[in-house]
Amino acid sequence: MLNAINLNGAAFLICTVFLLTGTFLFAQERPLKFTKQQIASESYETVGVFDVDNDGKLDLVSGAYWYKGPHFQTRHYIGSAKRYGEYYDDFSTIPMDVNGDGLTDFITGGWFGKQLVWKQNPGDGGEWQEHLIAEAGNIESSRSWDLDGDGIVEIIPNTPNDSLVIYRLLLNANKKGVGSFSKHSILGPHGHGLGFGDINGDGLTDIIVSKGWLQAPENTFTGEWKLHQEFELGTASVPIIVADVNKDGLSDLIVGQGHDYGLFRYEQKPATKKQKTQWIKHPIDPYNSQYHSMEWTDIDGDGENELVTGKRYRAHNGKDPGGNDDLGLYYFKWNGEHFSKQVIDYGPYGHGKGTGVYFSVSDVDNNGMKDIIVAGKDGLNIYYNEPIKQ
């Protein structure tokens, strides 16, 4: 099913503001057109994008299936994910060649089973064998980040009630994965939310959790990570975005509330002799709820990143504040002073679209524009980002 979504109405409003204010930055915004394609009505909440069969074309992997690119109409069974009520215990799809055989596997885990696992790509169309990485505790979602700058990502699950652990892929002499991970615990229970970025400008990747930020040591895996309890972010998004939004040389935070209303920017102000580092909270969108997942990426091709996010549909089965509000998928563009909200899709269930816990942004149709691939309890969809003709 294909539905064209054109944001010309938003473009008209932007142009009107330009005429009234004379602010040049508004004039640079251009409308984006997305074409919505429903891929499946399954209720998995995570989707990854990678080349499953090594044919040079990107495929989709979501839940129990992978969908062959470039058209994604043919699906192949991977193996069932365990189900607990409305949830599948499958809260990430992180691509990685774990065993070094040249085929891309993926890493996932869940809240109920408390296990971090990797699923092995067999390369022959058969079911994918599941391998245990660790009994990690309740996993809200997992993310990957190259913490030590060696070109290979580490796996870090957000386990609110359990220790924060970095899982590092073990390599052989040829720098290929051997199918197992080393484990490095750096903090105890750390709450809902997880992010990565250089907070203090020392060139190292710090880790952000709900109750503060962990300063990276020189040696990622043997040094001590120092916790700075400078803020309290609540049921924060996974990920928390770290970016110098206002270009003042200091990293800011972009934080959604995964189980409440609100999307905010925390502006970092430097420490002085009289006071510690300050974080000034600015609203981006306080009127929508369940901003559980987000991506910071250049969605309009202007060389600057935008914030792509939306409402997680039935995050707590409708029991969160705003849980039964209409669904939405958006991108937010920084205009030099604040974020402007651009609607990609919006409406009640069956019309609008929300997000799950892990979505992907990738140019799946190879047209030079990044597309948005979103799974959730409301189905799996691609939003094709169509080039705008000048």
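Conventions and cut-offs
Residues numbered from 1 in each chain as written. Predicted model: local features only at pLDDT ≥ 70, side-chain atom pairs only at ≥ 80, totals over all residues. Heavy atoms only, no water. 1 Å grid on protein atoms, 1.4 Å probe; cavity = no way out; pocket = protein on both sides within 12 Å on 5 of 7 lines; lining within 4 Å. Points joined across faces, edges and corners; volume = space filled by probe spheres on them. Helix = DSSP H or I, 4+ residues; strand = E, 2+ residues; numbered from the N terminus. Nonpolar A, V, L, I, M, F, W, Y, C, P; charged D, E, K, R; others polar. Buried < 20%, exposed > 50% of the residue type's maximum accessible area, 1.4 Å probe, protein only. Pairing = 2+ DSSP bridges. Axes fitted to C-alpha atoms, helices over the stretch in contact; angles between N-to-C directions. Lys, Arg positive; Asp, Glu negative; His and termini not counted. Salt bridge = Lys/Arg side-chain N within 4 Å of Asp/Glu carboxyl O. Polar contact = N/O pair within 3.5 Å; in protein donor to acceptor, adjacent residues only side chain to side chain. Contact = heavy atoms within 4.5 Å. pLDDT = per-residue confidence, 0-100. Phe/Tyr/Trp six-rings, centres within 6.5 Å; stacked < 30°, edge-to-face > 60°. Core = buried A, V, L, I, M, F, W, Y, C linked by side-chain atoms within 4.5 Å.

Novice: Account for the layout of surface pockets, naming residues and giving values.
Specialist: The computed volume of the largest pocket comes to approximately 550 Å³. Lining the largest pocket are 23 residues, and of these R143, S144, W145, E295 and Y358 sit closest to its centre. Elements with a minimum of two residues in the lining of the largest pocket: β3 (48-50), β9 (94-96), β13 (141-145), β21 (241-243), β25 (294-297) and β29 (360-362). A total of four residues in the lining of the largest pocket trace back to one element, the largest contributor, which is β25. Here the lining of the largest pocket is composed, by residue class, of 14 nonpolar, seven polar and two charged.

Novice: I'd like to hear about the environment of V52, residue by residue, with values.
Specialist: Here V52 lies in the loop between β3 and β4 (59-62). By relative accessible area, which is 3% here, V52 ends up buried. Put simply, V52 and N121 are 69 residues apart on the chain and 7.5 Å apart in space, counted from C-alpha to C-alpha.

Novice: Describe the sheet that holds strand β11 (residues 115-120), and please don't skip the residues or the numbers.
Specialist: Ordered by their spatial adjacency, four strands build an open sheet running β9-β10-β11-β12, and the pairing between neighbours is antiparallel. Taken across any chain shown, the strands that pair with only one partner, and hence form the sheet edges, are β9 and β12 (129-135). In this sheet, neighbouring strand axes are inclined to one another by 30° on average, regardless of whether the strands run parallel or antiparallel. By the bridge criterion, four bridges tie strand β10 (residues 105-109) to β11 in an arrangement that is antiparallel. In the sheet register, I107 faces β11, and the bridge partner there is W118.

Novice: Outline the side chain of R143, supporting the account with residue identities and numerical values.
Specialist: In this fold, R143 is placed in strand β13. No salt bridge is formed by the buried R143; its nearest oppositely charged neighbour, E295, is found at 5.1 Å. Here S293 takes part through its side chain, which lies 3.2 Å from a polar atom of the side chain of R143. Within the structure, R143 has its side chain in polar contact with the backbone oxygen of V357 (distance 3.0 Å). With residues up to four places along the chain from it excluded, the contact list for R143 reads I94, E154, I155, I156, F196, V238, P239, S293, V357 and Y358.

Novice: Describe the confidence of the model for the protein chain, listing the residues and the values that go with them.
Specialist: For the protein chain, the mean per-residue pLDDT works out to 92, and 92% of the residues sit at or above 70. Below pLDDT 50 for its whole length, residues 4-28 participates in 31 contacts with residues either more than four positions away or in separate chains.

Novice: Give me the lowdown on the side chain of D285, citing residues and values where you can.
Specialist: Inspection of the secondary structure puts D285 in the loop between β24 (278-283) and β25. Owing to a relative accessible area of 4%, D285 belongs among the buried residues under this scheme. Within polar-contact distance, the side chain of D285 engages the side chain of Y291 at 2.5 Å. Here the side chain of D285 touches K341 through a polar contact of 2.9 Å, side chain to side chain.

Novice: Can you tell me about the environment of G137, naming the residues and giving the values?
Specialist: Structurally, G137 is set in the loop between β12 and β13. Put simply, G137 and F112 are 25 residues apart on the chain and 8.5 Å apart in space, counted from C-alpha to C-alpha. Beyond its immediate sequence surroundings of up to four residues, G137 is in contact with G110, K114, Q115, T159 and D162.

Novice: Talk me through the packing of aromatic side chains; I want residue IDs and the actual numbers.
Specialist: Two measures describe an aromatic ring pair: the distance that separates the ring centres and the angle between the ring planes. Within this structure, the stated rule accounts for 14 aromatic pairs. Relative to F112, the ring of Y87 lies with its centre 5.4 Å away and its plane at 45°, an arrangement referred to as tilted. Of this pair, Y87 sits in strand β8 (residues 87-88) while F112 sits in the loop between β10 and β11, and the two are 25 residues apart along the sequence. The exposure class assigned to Y87 is buried, which follows from its relative accessible area of 10%.

Novice: I'd like a description of the environment of G310, backed by residues and values.
Specialist: Tracing the sequence through the fold places G310 in strand β26 (residues 306-310). Owing to a relative accessible area of 0%, G310 belongs among the buried residues under this scheme. Note: C-alpha distance between G310 and Y330 (20 residues apart in sequence) is 5.7 Å. The contact partners of G310, leaving out residues within four places of it in the chain, are Q290, Y291, H292, S293, G328, L329, Y330 and T355.

Novice: If you had to explain the sheet that holds strand β27 (residues 327-334) to someone new, which residues and values would you point to?
Specialist: Spatially, β25-β26-β27-β28 is the arrangement adopted by the four strands of the open sheet, whose pairing is antiparallel. Two strands bound the open sheet, and with one partner strand each, they are β25 and β28 (339-347). Shown here is a sheet whose adjacent strand axes are inclined to one another by a mean of 15°, direction ignored. Across eight bridges, the pairing between β27 and β28 is antiparallel. Residue K333 lies in a different strand from β28, and its bridge partner there is S340.

Novice: Which residues make up the nonpolar core, and what are the values?
Specialist: Residues I107, L116, I133, I155, Y167 and F181 are the most contacted members of the largest nonpolar core, which totals 19 residues. Of all the secondary structure elements, the ones that give two or more residues to this core are β9, β11, β12 and β15 (164-171). The element that contributes the greatest number of residues to this core is β15, accounting for three residues. When near neighbours in sequence (up to four residues on either side) are disregarded, F181 contacts M96, V98, I107, W118, I133, I155, Y167, R168, L169 and L170. With 18 residues, the next largest nonpolar core counts Y44, V47, L380 and I382 among its residues.

Novice: Can you break down unusual backbone geometry residue by residue, with the values?
Specialist: Among all residues save glycine, negative phi is the norm, and among peptide bonds the norm is trans. The amide bond that connects G69 to the next residue, P70, takes the cis arrangement and shows omega of 10°. Mapped onto the fold, P70 is located in the loop between β5 (65-67) and β6 (75-77). Cis geometry marks the peptide bond from V238 to P239, where omega comes out at 10°. As for its position among the elements, P239 is in the loop between β20 (226-228) and β21. One non-glycine residue, F72, adopts positive backbone phi at about 65°. Positionally, F72 belongs in the loop between β5 and β6.

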